[in-house]
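Working through the structure, step by step
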Amino acid sequence: MTPSDRKSSAYVEAIVREAVARVLHSVRRPLRDAGYDGPRTPLVLSDVQHDFFAGYLYGALQRLLELGELSEEEDIGRATHRLYCGLFGFEDNEYGPWHVWVVREGLHNLQRPHVFLGYCTGRNDVVNQLRHGGAHNALADALQHLGTEGGEPLFGIG
């Protein structure tokens, strides 16, 4: 996209806000059902689950932003960071480097396969929810089968 083709900042902000709100609404119930009750409740995930969750959020947001005609990495990264902050209450720059690294390594270099699996699941969930009006969310089901060897709980509350 050339600079002259760039959408107005108000349009970009509106689309990013809408995408974040939709994904936040989608993931809040699975997290709440697992005992996560907001930023003051620690969310403990295995590395594999964390990778999957990061990819899921990124994929869902990317798909929603594409549907709104935004596909620049900068916009998707900003939306992802805003969603992490909304879920976990982190300051603006505290969590950014981690999720940017996971997405870059997992998606662009394919060295973290569970990020890619989460990414594909997130993209598909969003499309299914748009088509069927709140279809089944695959996040909790998928995470239950990742990194829970030895009967460990999906989400540990510390």
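Residues numbered from 1 in each chain as written. Predicted model: local features only at pLDDT ≥ 70, side-chain atom pairs only at ≥ 80, totals over all residues. Heavy atoms only, no water.

**Some remarks on helix α2 (residues 47-67)**
Compared with an ideal rise of 1.5 Å per residue, which puts 21 residues at 30 Å, α2 spans 30 Å between its outermost C-alpha atoms and is within 8% of the ideal. Across the 21 residues of α2, 16 count as buried, placing the element largely inside the fold. (Helix = DSSP H or I, 4+ residues; strand = E, 2+ residues; numbered from the N terminus. Expected span 1.5 Å × (residues − 1). Buried < 20%, exposed > 50% of the residue type's maximum accessible area, 1.4 Å probe, protein only.)

**Things to note about the side chain of S26**
Counting through the fold element by element, S26 comes out in helix α1 (residues 9-33). Its relative accessible area of 11% is what places S26 among the buried residues. There is a polar contact of 3.2 Å between the side chain of S26 and the side chain of Q129. Once residues lying within four places of it in the same chain are set aside, the contact partners of S26 are Y56, Q129 and N137. (Polar contact = N/O pair within 3.5 Å; in protein donor to acceptor, adjacent residues only side chain to side chain. Contact = heavy atoms within 4.5 Å.)

**Focus on unusual backbone geometry**
Located in the positive-phi region is E69, a residue other than glycine, with phi close to 70°. The residue E69 is located in the loop between α2 and α3 (73-88) in this model.

**Thoughts on the side chain of T121**
Relative to the assigned elements, T121 resides in helix α5 (residues 113-132). Reaching out from T121, the side chain makes a polar contact with the backbone oxygen of L117 at a distance of 2.9 Å. Once residues within four sequence positions are removed from consideration, T121 is found in contact with F52, Y56 and A138.

**Details of the pattern of salt bridges**
Taken as a whole, this structure holds seven salt bridges when the rule is applied. E18 is the salt-bridge partner of R22, the closest N and O atoms lying 3.1 Å from each other. One end of the pair, R22, and the other, E18, are both in helix α1, four residues apart, so they sit about a helical turn from each other. For R22, a relative accessible area of 40% puts it in the partly exposed group. In this structure E18 comes out as partly exposed when scored by relative accessible area, which is 42%. Residue E66 is joined to R123 by a salt bridge in which the shortest nitrogen-to-oxygen separation is 3.0 Å. Highlighted residues: E66 in helix α2 and R123 in helix α5, separated in sequence by 57 residues. In this structure, a network of salt bridges that share partners links the residues E13, R17 and R82. (Salt bridge = Lys/Arg side-chain N within 4 Å of Asp/Glu carboxyl O.)

**What about the nonpolar core?**
Side chains of nonpolar character tend, in soluble globular proteins, to be buried together. With 37 residues, the main nonpolar core has V23, V27, F53, L57, L65, L83 and L87 as its most contacted residues. Every element with two or more residues in this core is listed here: α1, α2, α3, α4 (96-108), α5 and α6 (139-144). With 10 residues, the single largest contributor to this core is α2. Apart from the residues within four sequence positions on either side, L65 is in contact with I15, V16, A19, L70, D75, I76 and A79. (Core = buried A, V, L, I, M, F, W, Y, C linked by side-chain atoms within 4.5 Å.)

**Looking at the packing of aromatic side chains**
The final tally for this structure, using the stated rule, is two aromatic pairs. With a centroid separation of 6.0 Å and 25° between ring planes, the pair formed by F116 and Y119 is classed as stacked. Of this pair, F116 and Y119 both sit in helix α5, separated by three residues, roughly a single helical turn. Assessed through its relative accessible area of 14%, Y119 is described here as buried. (Phe/Tyr/Trp six-rings, centres within 6.5 Å; stacked < 30°, edge-to-face > 60°.)

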